[in-house]
Amino acid sequence: MASQLLFLPHVALLPKFSPFYPSLFARQKLTLFHSTTRAIKSSSNSRITINLQAVADACSEIESNGVTETTDLTLRNICEGFVPEHIIHRMEEIGFVFPTNIQREALPTLFTGRDCILHAQTGSGKTLTYLLLIFSLINPQRSSVQAVIVVPTRELGMQVTKVARMLAAKSTDIEVKGCTVMALLDGGMLRRHKSWLKAEPPAIVVATVASLCHMLEKHILRLDSVRVLVVDEVDFLFYSSKQVGSVRKLLTTFSSCDKRQTVFASASIPQHKHFVHDCIQQKWTKRDVVHIHVSAIMPMPLCLLHRFVVCGKKNKHQILLALLKSDAPESAIIFAGEQSEKSKKAGNDPSTTLLIEFLKASYDGLLEILLLEEDMNFNSRAASLTEIRQGGGFLLVSTDIAARGIDLPETTHIFNFDLPQTATDYLHRAGRAGRKPFSDRKCIVTNLITSEERFVLQKFENELMFSCEELIL
Ligand SMILES: Nc1ncnc2c1ncn2[C@@H]1O[C@H](COP(=O)(O)OP(=O)(O)OP(=O)(O)O)[C@@H](O)[C@H]1O
């Protein structure tokens, strides 16, 4: 570990216009971080180089200096008295024993009933955080919808539903009424859901915005009894021109912030001060909403190593193939850009199709080659993810549809075959790897870029405060 080098820009060198520019408190922590690190070497390219072991040491020092404490506190210690015993028992059976930083920092505040914005790195366990709050509040004896979780995609909805159902499943030795969880997602059987909602409303609904609003507009579902409303990947929903109107309506017209506890979650909340201000002004949350920002000085998980390879458009496929051979990932996601309207009109094949065809013809490794993209029908999309979750290694070729929230912990490598559009997209794509909270395994993010794209990658590095090393093949 100590031999790995990591580059972290000095606070004075961070671009102030960056949406990820840290708050004053975080800047003070970053300054403290720099001053406590002895492994600083001067560098000519406006960056300082820090030994990774020193980073880890300095972090725990900062953490014990008021950010988080490293104690033997368990999730049970935090949840007892709030979350029913059978849920705590299930949680431990599944293997969730010690809290991650966001769980340790957020749960005590959530249990006081305050609205919260959970802002923490990818793979840091935000899902379990808000689910534990939900289980602390709902009463399975009551036949009404008591918690709603809004997600941007069907895939993320299925995943959250699965975790909620796993926690709610009755333990064999404990007799309790089970709590029902409905997945109300785009592409689902809405007619069946209508009958279910009328006959016996589930306690928890996990929904995509369009399906949820459809049910609300048709008065098939009401939010009167909802005690918690969670919006996961909140920045994505607010920045999506298709969904933002419905999300606002959901937060203010279909229900009122005074009558519910509101929780927003994401690894990226650009302009977060502005967002908190909007939350209060627009009555999306109560006035005393708490912004819980974990790892404010480092939005990117430390377990990710970033590198780039400069290549021409013509040899990109071959370089990818060479990297797959030399890196031998356990499982990998290859991100390709979405096809432009212009390219569609010209009758070109999308980048994803070309990649899949190339890999099927040339890759002779053991990993299964799979595709996930918006243009596939919902059944094929589900089939790809089911295949992945059945085990065995995979090479998933995908657009940004797989970049948000999808949890495939066996992913060790990310390849940006095409660079993402924004630093936020980079953060979420990269964050599909390195998703085992207590593992010190390093995962690799590789960017295949042309020499002209180097400055775009540099911009992402500055905004997200990480550094990419060049790999010369
Ligand atoms: N306390 C815990 N102990 C062990 N593993 C945990 C714990 N909490 C969560 N995990 C695991 O960590 C992984 C990431 O969790 P989760 O999907 O909630 O991350 P996230 O913060 O929502 O990430 P993203 O921002 O990318 O959506 C999951 O595989 C989950 O099972």
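This one's a predicted model, so the numbers in the text were calculated from it and none came from an experiment.

## Brief notes about the sheet that holds strand 9 (residues 290-293)
Strand-to-strand pairing in sheets goes through backbone hydrogen bonds, with the strands running parallel or antiparallel. As summarised here, the arrangement of the seven strands in space is 5-6-4-7-8-3-9, forming an open sheet in which the pairing is parallel. For this open sheet the edge positions go to strand 5 (181-184) and strand 9, each flanked by a neighbour on one side alone. Here the strands of the sheet are splayed against their neighbours by 15° on average, with no regard to which way each runs. One ladder, built from four bridges, connects strand 4 (residues 147-151) with strand 7 (residues 228-232); its direction is parallel. Across the sheet, the residue bridging to V148 is L229, located in strand 7.

## A look at the state of the cysteines
In this structure the tally under the stated criterion is zero disulfides. Among the cysteines around C116, which has no disulfide bond, C279 carries the closest sulfur, lying 11 Å off. Left unpaired, C279 is separated from the closest cysteine sulfur, that of C257, by 9.9 Å. What makes C279 buried here is its relative accessible area of 0%.

## Notes on the sheet that holds strand 12 (residues 368-372)
Ordered in space as 12-13-11-14-15-10-16, the seven strands form an open sheet in which the pairing is parallel. Unpaired on one side and paired on the other, strand 12 and strand 16 (468-470) mark the two borders of the sheet. Pairwise comparison of adjacent strand axes, ignoring direction, gives a mean angle of 20° for this sheet. The strands touched by helix 13 (residues 316-327) within the sheet are strand 10 (304-310), strand 11 (332-335), strand 13 (394-398), strand 14 (413-416) and strand 15 (443-449), with strand 15 carrying the most contacts at an inclination of about 165°.

The rules we used
- Residues numbered from 1 in each chain as written.
- Predicted model: local features only at pLDDT ≥ 70, side-chain atom pairs only at ≥ 80, totals over all residues.
- Heavy atoms only, no water.
- Pairing = 2+ DSSP bridges.
- Helix = DSSP H or I, 4+ residues; strand = E, 2+ residues; numbered from the N terminus.
- Axes fitted to C-alpha atoms, helices over the stretch in contact; angles between N-to-C directions.
- Disulfide = S-S within 2.5 Å.
- Buried < 20%, exposed > 50% of the residue type's maximum accessible area, 1.4 Å probe, protein only.
- Contact = heavy atoms within 4.5 Å.

Interpretation in functional terms is not warranted from these geometric data alone.
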